[in-house]
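Descriptive analysis of the structure
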Amino acid sequence: MGNKLIGYGSYLPERIMTNADFERVMDTTDEWIVSRTGIHQRHFAAADETVADMATNAARAALENAHIGIDDIDMIIVATTTPELDFPSVAVQVMGRLGATQNIPAFDVRGACTGFIYALHCARGFFTAGIHERIMIIGAEKMSRFVDMDDRSTAVLFGDGAGALIFERSTSSYSGIIDTVVMSDGKKFDMLHGSPDHKIIMNGPETYKMAVSLMPDAARYIMDHAGITQDDIDWIIPHQANIRIIQSCAARLGFPLDKILITVDKHANTSGASGALALAYAFDNGIIKHGQLILYPAFGSGLTWGATLIRV
Ligand code: UT7
């Protein structure tokens, strides 16, 4: 029992924070940020704009793209680590705002920057079990709520936004979410985590080292697991944290850079929203075409990491 992608959507807040905006409020430079991260700008949500607002906007766009209504969806999974409310989930808030009349299951997963793959992993399981028809996966984050303007080493790295994908059950096992692999190592909690007063605590260089080793590992593992080779992959759309991490992963895997999609320059690191946002960007700009095979590896707080293969 397989699945196929039938719609996508995204939402980025109106406000753009450029590197020059950071230069005005902290001891940093555009040159440092671009050369160390590849980031030129990021979107920051308005003070009263919530994760649920952004997720709902992306979900609405995906429903329109798929030409279906919310009652055609029978499960909503939201990947987010930055919800304003401890309960209920962002997923039920989205469902309510979109006016769902069916009592479908809706829940959040917290996988930090790997959250998108964790959500896809759940969806793949439900499709394989044959118990759901159409599942909406949303990645939505308000990272700006955790940005500590007194810490220049993390403040410049993150952005806000949301992306949504809709998958439908299908008989083909060669379309949609083809495979997923997710892993975690709780012993490495200290490397990157949030604090009770909503700040990002990160050992940047150590996190960097783990990312450039574990993302290629996950990519190799999933290709072996799915029985495919690099030649079968049309695009690598990696988690967008840092262009140097992305380039290093490409080099370790031996992938040419023209097969790698980069959005970190425009969106910065949007954590669990990164994958769905990047896919939506790639569709909107005619970069990826229906039928192509995408490899998406990711890495983040937890530590968590993994990869997915999606034929779009
Ligand atoms: O999704 C996973 C989430 N996290 C990540 O992927 C982050 C992984 N890590 C990284 O991307 C990189 O480690 C950073 C971009 C965070 C930092 O780059 P780096 O090349 O590892 O720099 P560093 O931490 O070794 O710092 C080098 C210098 C330091 O100055 P000194 O001690 O050499 O004088 C920092 O204080 O750069 C300084 N620095 C800055 N300078 C200007 C750190 N942040 C800034 C800044 N502007 N914003």
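Before any of the text, the structure's been laid out above.
In this report, we go over the structure that sits alongside the text. (Residues numbered from 1 in each chain as written. Predicted model: local features only at pLDDT ≥ 70, side-chain atom pairs only at ≥ 80, totals over all residues. Heavy atoms only, no water.)

**Describing the sheet that holds strand β11 (residues 235-236)**
Basically, it comes down to this: Pairing between strands requires that DSSP locate at least two bridges from one strand to the other. The helix and strand labels rest on DSSP assignments: H or I over at least four residues marks a helix, E over at least two residues marks a strand, and numbering proceeds from the N terminus.
One open sheet accounts for four strands, arranged β8-β13-β12-β11; its pairing is mixed. A strand with exactly one partner marks an edge of an open sheet, and here the two such strands are β8 (176-184) and β11. Sheet analysis places strand β12 (residues 293-300) next to strand β13 (residues 304-311), joined by eight bridges and oriented antiparallel. Pairing of Ala298 across the sheet is with Gly306, part of β13.

**As for the pairing of strand β7 (residues 160-170)**
Put simply, the test is: Only protein chains enter the accessibility calculation, which uses a 1.4 Å probe; a residue is then buried when its area is under 20% of its type maximum, exposed when over 50%, and partly exposed in between.
Counting buried positions along β7 yields 10 of 11 residues, so the element is predominantly enclosed. As defined by bridge partners, strand β1 (residues 2-11) adjoins β7 across nine bridges and the pair is classed as antiparallel. Residue pairing for β7: Leu5 is matched across the bridge by Phe167. Pairing of strand β6 (residues 134-142) with β7, which is carried by nine bridges, proceeds in the antiparallel orientation. Among the inter-strand pairings, Met136 is bridged to a residue of β7, identified as Ile166.

**Side note on the site of the ligand**
The line we're drawing: Being near a molecule or strand, for a residue, comes down to having at least one heavy atom within 4 Å of it. Contacts described as polar in this section are N or O atom pairs within 3.5 Å, which, within protein, must combine one atom able to donate a hydrogen with one able to accept it, while residues neighboring in sequence count only if both atoms come from side chains. Accessible surface is estimated by sampling points in the Shrake-Rupley manner with a 1.4 Å probe; for residues, cover comes only from the protein chains shown. Under the scheme applied here, ten amino acids are nonpolar (Ala, Val, Leu, Ile, Met, Phe, Trp, Tyr, Cys and Pro), four are charged (Asp, Glu, Lys and Arg), and all others, including Gly, are polar.
For the ligand, the set of nearby residues contains 23 residues, the closest of which are Thr28, Arg36, Arg152, His239 and Asn242. Arg152 places a polar main-chain atom, nitrogen or oxygen, 2.9 Å from a nitrogen atom of the ligand. Separating an oxygen atom of the ligand from a side-chain N or O atom of Asn242 is a distance of 2.7 Å. Notes on the ligand: free accessible area 950 Å², of which the protein chains cover 72%. Elements represented by at least two residues in the shell around the ligand include exactly α2 (30-37), α6 (152-155), α7 (204-226) and α8 (243-253). A per-element tally of the shell around the ligand places α7 first, with four residues. Residues that form the shell around the ligand fall into these classes: 11 nonpolar, eight polar and four charged.

**Description of unusual backbone geometry**
Trans is the common state for peptide bonds, and a negative phi is the common state for residues other than glycine. In this chain, Phe87 is followed by Pro88 through a cis amide linkage whose omega measures -5 degrees. Tracing the backbone shows Pro88 in the loop between β4 (75-79) and α4 (90-97). Omega for the peptide link from Gly302 to Leu303 comes to -5 degrees, which places this bond in the cis form. In this structure, His67 is a non-glycine residue whose phi angle is positive, near 55 degrees. Classification of His67 as exposed rests on a relative accessible area of 73%. For Ala268, which is not a glycine, the phi torsion comes out positive at approximately 60 degrees. Within the fold, Ala268 resides in the loop between α9 (264-267) and α10 (274-284).

**Points about the environment of His132**
So the rule is basically this: Contact between two residues is taken to exist if any of their heavy atoms lie within 4.5 Å; hydrogens are not considered.
Within the secondary structure, His132 sits in the loop between α5 (115-129) and β6. Taking the relative accessible area as the measure of exposure, His132 reaches 12% and is therefore buried. Between the C-alpha atom of His132 and that of Leu303, which follows or precedes it by 171 residues, the distance is 30 Å. Contact partners of His132, with chain neighbours within four places excluded, come to Asp74, Met75, Pro105, Phe126, Phe127 and Arg169. Only 3.2 Å separates the side chain of His132 from the backbone oxygen of Asp74, close enough to count as a polar contact.

Interpretation in functional terms is not warranted from these geometric data alone.
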